[in-house]
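Okay, here's what each chain looks like letter by letter:
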Amino acid sequence: MGITREEVRHVAFLARLELTPEEEELYSEQLARIIDYMEKLKELDTTGIGPTTHPIPTPNPYREDKVQPSIPQEEALRNAPDKERGFFKVPRIIGEG
Amino acid sequence: MKPYSLTIHEAHRLLKDGELSPEELTRSVLERIDEVEERIKAFVTIDREGALKAAREAGERLKRDEGVTPLTGIPISIKDIFCTKGMETTCSSRILRGFVPPYDATVVKRLKEAGAVIVGKNNMDEFAMGSSTENSAFQITRNPWDLERVPGGSSGGSAAAVAIGESLASIGTDTGGSIRQPAALCGVVGLKPTYGRVSRYGMIAFASSLDQAGPITRDVEDAAILLGIIAGHDPLDSTSIDEPVPDYLEGIGRGVKGLKIGIPKEYFIEGMDKEVEEAVREAAKTLEKEGAVVEEVSLPHTEYAVATYYLVATAEASSNLARYDGVKYGYRVEDPENLLDMYCRTRDKGFGAEVKRRIMLGTYALSAGYYEAYYGKACQVRTLIKRDFEEAFGKVDIILTPTSPTPAFKVGEKIDDPLKMYLSDVFTIPCNLAGLPGLALPCGFTRGGLPIGMQFIGRALDEATILRAAYHYQSVTGWHLLKPSL
Amino acid sequence: MEFEAVIGLEIHAQLRTESKLFCGCSTRFGSEPNTQVCPVCLGMPGVLPVLNRRAVEYALKMALATGCRVNTNSRFARKNYFYPDLPKGYQISQYELPLAEKGEVLIEVEGRRKRVGITRIHLEEDAGKLVHGEGADSRYSFVDLNRAGVPLIEIVTEPDIRSPDEAVATLKALRDILLYLEICDCNMEEGSLRCDANVSVRPTGETTFGTKTEVKNMNSFRFLRNALEYEIKRQIEVIEEGGKVVQETRLWDPSRGVTVSMRGKEEAHDYRYFPEPDLLPVPVEEGWLEEIKGGLPELPAEKAERFVREYGLPPYDAGVLTASKHLALFFEECVRLYPKPKVVSNWIMSEVLKELNRENKDIKDSSLTPDLLASLLKLIDEGVISGKIGKTVFEEVYRTGKDPRKVVEEKGLVQIADRDALKGIVEEVLKTHPAQVEQYRKGKEGLIGFFVGQVMKKTQGRANPKVVNELLREALS
C-alpha cells in the first residue's frame, strides 16, 4: 500500500509540521517502508476480537467536586514564550484552518 | 571501594551505622560525575547545590533517626522525563528547553519524601522515542563498557549513569523496553512494573497506555527497594492501580525451587546474536539446576508485536505531543507570520527527526480512512498478544527471554534505518502491550566484553516473583558485580 | 415547489459544578484571566485528568430527564485539533459509547404537541477563551484558559425539527429542563448555553434528506430563529436557482442578518478521535442511577399536566406557570394560602410577569413572596380595596416588599363602602354633569359607566363600585 507524497503532506498538515522538501522526501520513503511492515497485521483474522485500549482495566476513579487552589497567574504564565496583561499572547489566526 | 560504587542497600547500612554521611556519599558521586561525565554524557542537568542541600537534610534525618527510609541520603538520578518542581525538565527536546514545571511528578515527590538525594536529570531519547539515546536533542550518551557504542534507550542516560557510578540508581520509564533494553546494554538491572503500579502523574507522556516508570539499579535488591518507594495508588492518575504495595524484599531470598519458568519458543529468532542466545539458554540451565522447572511455552502472536506497538504508541504519541505548540511553554519560532505558521515551524524546528517521524506515523494511523486498518486493527491484535500471555501464565509462573536480540551496537549503526531500530525492541514490547512487569538483569558477557541481558516477565502485579527469581539468579552467578572501567 | 426544512440541534450546556471536569480549579465566571488554572487544565507536560463525579451525576440527570438510555460503561475519547484555546491540542470528549443515547423531549408549537428525539448526550470539557486584539494589537490574539476544562454536556437531537418555531421550542424545552434540574445556568449571553443547528431542506413529501449545513454562533433564541429562517430561505433559493447546497459550516452574523460560509476552515479538519488512554470507562452503578432517578424533580411537562388536572387551569396558563421552576413553586404556594387557582394564575400571568419581564428577573430574585400576593388578594376579597386599587397596591408591594395591608393603610387606599360618605360625592357628580344626566334619563343608560368613572376619579379609585352603582341608580331613577 505505502503512502503517497500527497498523503505525507496532508498528514504533516494535520500534525502541524512544516516539513522541508528534503524531510518530505525522506519521510515518504521511510514511512512507506514502515507502513508496509505494518501491513503484516492484515494476515491476522481479528473478526470478533475486542480492542485492548487499557492493558490493565480498573474501574475509573471519581474525584469529588471540590475546588482546589489554582496556581497564581504569574506561575501559569511563567513559561510562556509571549504573554501580556495576564493572557498568553499568540499571533492572530490568519490562514488558520 | 569508592562510595559511589555502592549499592543502595550497602550504602544504607553504612549511613545508618554512621560510617558514611550522605554528604560524603553525595560528594563522591559528584566527583565521579566530574571525572567521567565528559565522556559518558549521561546528564542533561546536574544539580550540585540541590544535591548537597538534600544530603545535609538527609544527614539530619539520619541523626535524629526520624522517618529514615532505605533511600534516605542516597544519591540517585532521574530521567529528564519526570517533572521536577523548579528544575528544568526537557525530555531531551529542544521544544521543552527552558521549561520549569511548577509541580513535581508523583514519583519525584515520593523519592523526595523518602529522603533521596537527586543529583540530576538523565539524558534520554527525545520524548523517550528511541532505543539508543542518539535521539536526544542535546547529546549522545555513551555506553560505559565501550564508548563507541550506544547505551541503549530511551533511558540510556539513566543506565549509563548507574553503570559508571554517576548515581547509585536512577528512575527511568519504559514504553516499549526503554528501561530494560538500556539496562541490558549497560549491564545493570532494570524493572518495568505492571502498568498502573507506579503513578504516571508528572511523567511526560509518550504513549499513555504503555508508559510505566521503574528503577534502574546495580542489583535486584535495590530494584525491590526503589519499587517499594515509588509504587502505589495515586489519586492524580486514574489508571494507577489501587492495590496495596507489598514489601518486595520480603521473601526475595526464597529461591527458585519448584518455580515454573517458561521459555517462549518465538523469542529465539533468526538473526539473533548467537552469544545472546547462548547466554540466555545457559541461564535457563542454571535456574533449572537451582530447582526451577523450565519448560517451553508459546506466545504465537509475538511476530506481530512490533507492528502493533508502533501503531498504538505512535497514535497515542501524536495526540500527546500536540500540546507542544509554542503557546504556553517551551520553544516558539521567531517572528511567526500568523498562527498556522507559528504552529508548523515551531513544531518542525522544535522536534527532532525521530519524534516527527512517529508523530507522522501516529497521525496517519488515526486519520480518516485509516483508523480501522491501522490503529483499530492494532488494538485488536493487542488483545491477542495479551491472551498469549494469559494462556502461558496458566502453565508457568514466570517467563524467561533475552532482553535485546543484540548487545550494544555502535553509535550511528542503526540511526538511518528506523525500521531496523524498531525491530530491535521485539523482546521488550510485548510486556508493555500486555501491561505485565518485566525485569532485565545481566546474564553474561560477549567475547568482546559487552554485557548481555535477560528478561523475566511476570503476571500482572506479581513483581515479587520475578524479583525473587532474579535475586536468586544474581546470587548464584554474580554477573552484576562486574563493573566497566574507563 | 413546496419545501420543508429538516433541522437537528447540537446544544452545549455548561454544568454548574464547583470545580472543572478533570481538575480542582473553580468554574466561576468572570475572573481575571488565567487565575483559575492549574497544570492539568493548562495542559502542562505529564499531567493527567481525574473525572469529577458531580459532572457525571448532572449529565445523568439530564439523560434520565429526557428518557435516554444510559451506557453504564461509556468512554471518553480525544478529539484532536490545534487551536490556542485548546491547551492539550485535543479535547477530552466522548465519541463511541457516549454517556446516554436515544431519548426525547416534548414540545408544543401552536397548540400542536410533538416529540423531538435526542440522539445522544455526552460529557466533554470546554475550551478556553480567545480574545482578538484590536488596534495596535490587531496582529495578536490573547488566550485565557479559565474556562478550559469546565464541564459541558452536548445534547444532540434527531433531525426531527421542521421549522424555526419548533427549533426555538426545542431549545426552550431543553433549557427549561436544565433549569429545573439546576444543572446549568442557561445564560446564553455568557455562553453557558450554546446552540448549533444542522439544517437542510427538501421538497415536501420527500423522505430522503437534502445536503445539510451546520449553522453556528446563535447565542440567543432570537438569533436561532432569525438564523434558521435565513438559512432555510437561502437553501431553497439555491435549489430553485438550479444550484446545489454545499455541505459546510456557516456562521450567523447578527449584525448583517445573514449566515456566512466558513468554507476552507473546516474542510481540513480530521479530528482523529480515539479512546482517551488516560481515563478508563466511566462506571455508572445501577444503585447510583436509581438514586439519581429517585431524586429527579417533577419536570416542566409533568408539572404543567398536573396543573391542568389539579387546579383546572387552561393548558396555556399551565405552560406559562411551569416554564420556570420557581414561578411554579410560587404559584402553588400562593394557592395554598389563597385557594383560588384561576385568580392566582391570572394575577401571576398579568401583573407579576409584567413586572418580572420588565426587569428581566426570575421570581426568586424579586422581593415578592407568595405570602404578600396572597394577602393582597385577600384584601380584595374582603372588600378592603377594589381590584383596580389592588393593582396599584401590587406595584408598591412588588417594589418594596411591604405588607399590602400596610401599603393600603399608609396610602389611605381603603375602599369607601360607606353609603353616607359616597352619597355626597354621587350627588356632586350628578350636579356638575347635568347634560349627561339629561341624556341618561332619556334612555342612554350606558352613561352609568361615565358616572361611575367620575366618582372613582373623585375618590382616587377607592369607592366601592357596587355601592356607587346602587347609589347612582337610586339618584337617577
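Just so it is clear, the structure is predicted and the values come from calculations on it, not from any experiment.

**Student:** Would you mind showing me how to read the overall build of chain B here?
**Tutor:** If you tally the helices and strands in chain B, you get 15 helices and eleven strands. For 486 residues, the compact-globule estimate of 2.2 N^0.38 gives 23 Å, and the C-alpha radius of gyration of chain B, at 21 Å, lies within 12% of that figure. For chain B, the spread of C-alpha atoms along the principal axes amounts to about 65 × 50 × 45 Å. Considering chain B as a whole, with its 486 residues, one finds that 66% of them fall into the buried category.

**Student:** I keep staring at the overall build of chain C and nothing clicks. Help me out?
**Tutor:** Scanning chain C from terminus to terminus reveals 15 helices and 17 strands. Computed over the C-alpha atoms, the radius of gyration of chain C is 30 Å, more than 25% above the 23 Å expected from 2.2 N^0.38 for a compact globule of 477 residues. Dimensions along the principal axes, computed over C-alpha positions, put chain C at roughly 90 × 55 × 55 Å. Across the 477 residues in chain C, those meeting the buried criterion constitute 43%. Counted over contacts in chain C with a minimum sequence separation of 6, partners at least 24 positions apart contribute 70%.

**Student:** Help me out: how do you make sense of the interface of chain C and chain B in this one?
**Tutor:** Interfaces are often sized by the accessible area lost when the parts come together. Contacts between chain C and chain B engage 27 residues on the former and 35 residues on the latter. In the side of chain C that touches chain B, the residues fall into 18 nonpolar, four polar and five charged.

**Student:** Is there a simple way to think about the domain arrangement of chain C in this case?
**Tutor:** Residues and elements named next belong to chain C. When cut into domains, chain C gives domain 1 (3-291), domain 2 (298-410) and domain 3 (419-476). Using only C-alpha atoms to locate each centre, domain 1 and domain 2 end up separated by 36 Å. Counting residues at the interface gives seven residues for domain 1, matched by seven residues for domain 2. When contributions to the side of domain 1 that touches domain 2 are tallied by element, the ones reaching two or more residues are strand S7 (100-109) and helix H2 (164-181). For the side of domain 1 that touches domain 2, the leading source of residues is H2, giving four residues. Of the residues in the side of domain 1 that touches domain 2, the class split is five nonpolar, no polar and two charged.

**Student:** Which parts of the structure should I look at to understand the interface of chain B and chain A?
**Tutor:** The interface of chain B with chain A comprises 57 residues on the first partner and 45 residues on the second. Broken down by element, the residue count for the side of chain B that touches chain A peaks at eleven residues, all from helix H12 (residues 372-392) of chain B.

**Student:** I'm lost on unusual backbone geometry in this one. Help?
**Tutor:** In most cases, non-glycine residues show a negative phi, while peptide bonds are predominantly trans. A cis geometry characterises the amide bond from B:Gly153 onward to B:Ser154, with omega recorded as 10°. Summarising the element assignment, B:Ser154 is placed in the loop between strand S3 (117-122) and helix H5 (156-164). With a phi angle near 55°, C:Glu182 is a residue other than glycine that sits in the positive phi range. The topology assignment puts C:Glu182 in the loop between H2 and strand S12 (193-203).

**Student:** When you look at the nonpolar core in this model, what are you seeing that I'm missing?
**Tutor:** Most often, soluble globular proteins have nonpolar side chains that are buried together. Grouped together as the largest cluster of nonpolar side chains are 303 residues, with contacts concentrated most on B:Leu467 and C:Ala59. The element contributing the most residues to this core is helix H9 (residues 305-320) of chain B, with ten residues. With residues up to four places along the chain from it excluded, the contact list for B:Leu467 reads B:Val220, B:Ala223, B:Ala224, B:Tyr248, B:Ile252 and B:Leu439. Within the second largest apolar cluster, ten residues are counted, among which are C:Ala463, C:Val467, C:Val468 and C:Leu472.

**Student:** What is the right way to read the sheet that holds strand S9 (residues 129-132) of chain C from this model?
**Tutor:** Each strand in a sheet pairs with another by means of backbone hydrogen bonds, the pair being arranged parallel or else antiparallel. Strand order in the open sheet made by the four strands is S2(A)-S3(A)-S10(C)-S9(C), with antiparallel pairing throughout. The open sheet is flanked by strand S2 (83-84) of chain A together with S9 of chain C, the only strands paired with a single partner. Across four bridges, S9(C) lies against strand S10 (residues 140-144) of chain C in antiparallel orientation. Note on S10(C): the bridge partner recorded for C:Val131 is C:Phe142.

**Student:** Where do I start with the pairing of strand S5 (residues 77-80) of chain C in this structure?
**Tutor:** Residues in a regular strand project their side chains so that they alternate between the two faces of the sheet. All names here are of chain C. Of the two faces of S5, the one carrying Ala 77 and Lys 79 and the one carrying Arg 78 and Asn 80 are both buried. Of the pairings in the sheet, the one linking S5 to strand S6 (residues 90-93) comprises four bridges and is antiparallel in character. The residue bridging Arg 78 from the neighbouring strand is Ile 92, located in S6. Looking at chain direction, S5 and strand S16 (residues 274-275) are connected through two bridges and run antiparallel. Residue pairing across strands places Ala 77 opposite Pro 275, the latter belonging to S16.

**Student:** I'm lost on the environment of B:Asp125 in this one. Help?
**Tutor:** One can find B:Asp125 in the loop between S3 and H5. A count of 31 C-beta atoms within 10 Å places B:Asp125 in the buried class.

**Student:** Where do I start with the sheet that holds S12(C) in this structure?
**Tutor:** Residues and elements named next belong to chain C. Here we have nine strands laid out as an open sheet, ordered S3-S7-S8-S11-S1-S12-S13-S14-S15, and mixed in their pairing. This sheet does not close on itself; its edge strands, each paired only once, are strand S3 (69-70) and strand S15 (258-261). When S3 meets S7, the two strands line up antiparallel, connected through two bridges. Note on S7: the bridge partner recorded for Val 70 is Ala 100. Helix H3 (residues 221-240) rests against strand S1 (3-14), S12, strand S13 (213-216), strand S14 (249-253) and S15 of the sheet, and its axis sits at about 25° to S12.

**Student:** Help me out: how do you make sense of the environment of B:Pro144 in this one?
**Tutor:** Residues and elements named next belong to chain B. Residue position: Pro 144 is located in the loop between S3 and H5. Residue Pro 144 is classed as buried on the basis of its C-beta count, with 29 C-beta atoms lying within 10 Å. Taking the C-alpha atoms as reference points, Pro 144 and Lys 483, 339 residues apart in sequence, are found 9.2 Å from one another.

**Student:** Honestly, helix H11 (residues 353-366) of chain B in this entry has me stumped. Any pointers?
**Tutor:** For an α-helix, the turn length of 3.6 residues means that residues three or four places apart are oriented alike. Spanning 14 residues, H11(B) covers 20 Å between terminal C-alpha atoms, matching the ideal 20 Å at 1.5 Å per step. Summarising burial for H11(B): twelve of the 14 residues are buried, a large majority. Residues of H11(B) that are buried include every one of B:Val355, B:Lys356, B:Arg357, B:Arg358, B:Ile359, B:Met360, B:Leu361, B:Gly362, B:Thr363, B:Tyr364, B:Ala365 and B:Leu366, and no others. Structurally, H11(B) contributes buried residues whose contacts are with helix H1 (5-14) and helix H2 (21-38) of chain A, H9, H12 and helix H13 (418-423) of chain B together with S16 of chain C.

**Student:** When you look at the pairing of S3(B) in this model, what are you seeing that I'm missing?
**Tutor:** All names here are of chain B. Most of S3 is tucked away, with six of its six residues classed as buried. As defined by bridge partners, strand S1 (residues 43-46) adjoins S3 across three bridges and the pair is classed as antiparallel. Counterpart to Thr 45 in the pairing with S3 is Lys 121.

**Student:** I'm lost on the packing of helix H12 (residues 419-432) of chain C against helix H15 (residues 465-476) of chain C in this one. Help?
**Tutor:** If you want to describe how two helices pack, look at the angle between their axes and the distance between the axes. Residue and element names in this part refer to chain C. Orientation of H12 relative to H15, taken along the N-to-C sense of each, is 55°, at an axis distance of 10 Å. Considering the angle they form, H12 stands oblique to H15. Here H12 and H15 pass one another in a crossing that is right-handed. On H15, the residues that touch Arg 419, Leu 422, Lys 423, Val 426, Glu 427 and Leu 430 of H12 are Val 467, Val 468, Leu 471, Leu 472 and Ala 475. For the contact of H12 with H15, the per-class residue count stands at eight nonpolar, no polar and three charged.

Rules of the game
- Residues numbered from 1 in each chain as written.
- Chains lettered and ligands numbered in written order.
- Predicted model: local features only at pLDDT ≥ 70, side-chain atom pairs only at ≥ 80, totals over all residues.
- Helix = DSSP H or I, 4+ residues; strand = E, 2+ residues; numbered from the N terminus.
- Rg over C-alpha atoms; globule rule 2.2 N^0.38 Å.
- Buried ≥ 20, exposed ≤ 12 C-beta atoms within 10 Å, placed from the backbone.
- Contact = placed C-beta atoms within 7 Å.
- Nonpolar A, V, L, I, M, F, W, Y, C, P; charged D, E, K, R; others polar.
- Domains from an automatic or database assignment.
- Core = buried A, V, L, I, M, F, W, Y, C linked by C-beta atoms within 7 Å.
- Pairing = 2+ DSSP bridges.
- Axes fitted to C-alpha atoms, helices over the stretch in contact; angles between N-to-C directions.
- Expected span 1.5 Å × (residues − 1).
- Parallel < 35°, antiparallel > 145°, perpendicular 65-115°, else oblique.
- Left-handed = near helix turned anticlockwise from the far one by under 90°.

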